[in-house]
Amino acid sequence: MTEEVKDVKSAEVKAPEDKSDVTKMSDADIKWREKYKLSKEELERTKLLSEKDKKELQGKIESASKDLKMLESKVIEAELKAQAVAAGIKDIDFVKLIDLKDVKMNEAGVIEGIDKTLQDFKARKPDLFGVDKKFSSSTNAPASSGSSSNPAPVNARNLSNDDWKKNRSRYMAGNFS
């Protein structure tokens, strides 16, 4: 126990005799604690703002990703329709029957797999392709088959004055047949 008494006495000796030193330390300590508290509050505000910004940016990324997928599908669909028409599809509505699981757009914007998909569809459903069109898709007028039953178009520059005067109103309306 004698050692404990010595420790207590030494502790008493170490205490500062001047009380102004204690107040100075506590003033400095109080200032440091205030700065720490302000810094901690600022850190919390910054964390909240960054979380809010992070959620907002994630929402924008998701929205942009959805828009990108929608636009890619529209481009793929348009390209498929163009190639199907070039391949001789009888009705453009048949394009909806084509399975697009293997058709993708790469990062360069090139559509991959569309040729193979169209060829496979044409091989499975050859009756949907051909030149059996009876009507033009734009005017519902009979498509020209290259026969000579249609009269040759009239060249207005080669008409006589009498022919011109007789058919002037028809020619001015654009009807040269």
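Considering the packing of aromatic side chains
Taken as a whole and judged by the stated rule, the model has two aromatic pairs. On the basis of an interplanar angle of 10° and a centroid distance of 5.7 Å, the ring pair of Trp32 and Tyr36 is categorised as stacked. Of this pair, Trp32 and Tyr36 both sit in helix α2 (residues 19-87), four residues apart, which is roughly one turn of that helix. Relative accessible area serves as the criterion here: at 55%, Trp32 is assigned to the exposed category. For Tyr36, a relative accessible area of 47% puts it in the partly exposed group.

Overview of the confidence of the model for the protein chain
In the predicted model, the protein chain carries a mean pLDDT of 78, and the fraction of residues at 70 or more is 72%. The secondary-structure element of the protein chain with the lowest mean pLDDT is helix α1 (residues 2-14), recorded at 49, while helix α3 (residues 114-124) shows the highest, at 91. pLDDT under 50 marks residues 8-15. Its contacts with residues more than four places away, or in other chains, come to zero contacts.

What to know about the pattern of salt bridges
Counted by the stated rule, this structure contains four salt bridges. The salt bridge involving Glu77 is made with Lys81; its shortest N-O contact spans 3.4 Å. Of this pair, Glu77 and Lys81 both sit in helix α2, four residues apart, roughly one helical turn. On the basis of relative accessible area, Lys81 is assigned to the partly exposed category, the value being 33%.

Considerations on the side chain of Thr117
Mapping Thr117 onto the fold places it in helix α3. Ignoring any residue separated from it by four or fewer positions in sequence, one finds Thr117 in contact with Ile98, Asp99, Asp102 and Val103.

Some points on the nonpolar core
Counting residues in hydrophobic clusters, the biggest one holds 13 residues, and the most contacted among them are Leu80, Val95, Ile98, Leu118 and Phe129. Within the residue set of this core, elements represented by two or more residues are α2 and α3. Not counting the four nearest positions on each side in its chain, Leu118 is found in contact with Leu80, Gln83, Ala84, Ala87, Ile98 and Phe129.

Criteria and thresholds
Residues numbered from 1 in each chain as written. Predicted model: local features only at pLDDT ≥ 70, side-chain atom pairs only at ≥ 80, totals over all residues. Heavy atoms only, no water. Phe/Tyr/Trp six-rings, centres within 6.5 Å; stacked < 30°, edge-to-face > 60°. Helix = DSSP H or I, 4+ residues; strand = E, 2+ residues; numbered from the N terminus. Buried < 20%, exposed > 50% of the residue type's maximum accessible area, 1.4 Å probe, protein only. pLDDT = per-residue confidence, 0-100. Contact = heavy atoms within 4.5 Å. Salt bridge = Lys/Arg side-chain N within 4 Å of Asp/Glu carboxyl O. Core = buried A, V, L, I, M, F, W, Y, C linked by side-chain atoms within 4.5 Å.

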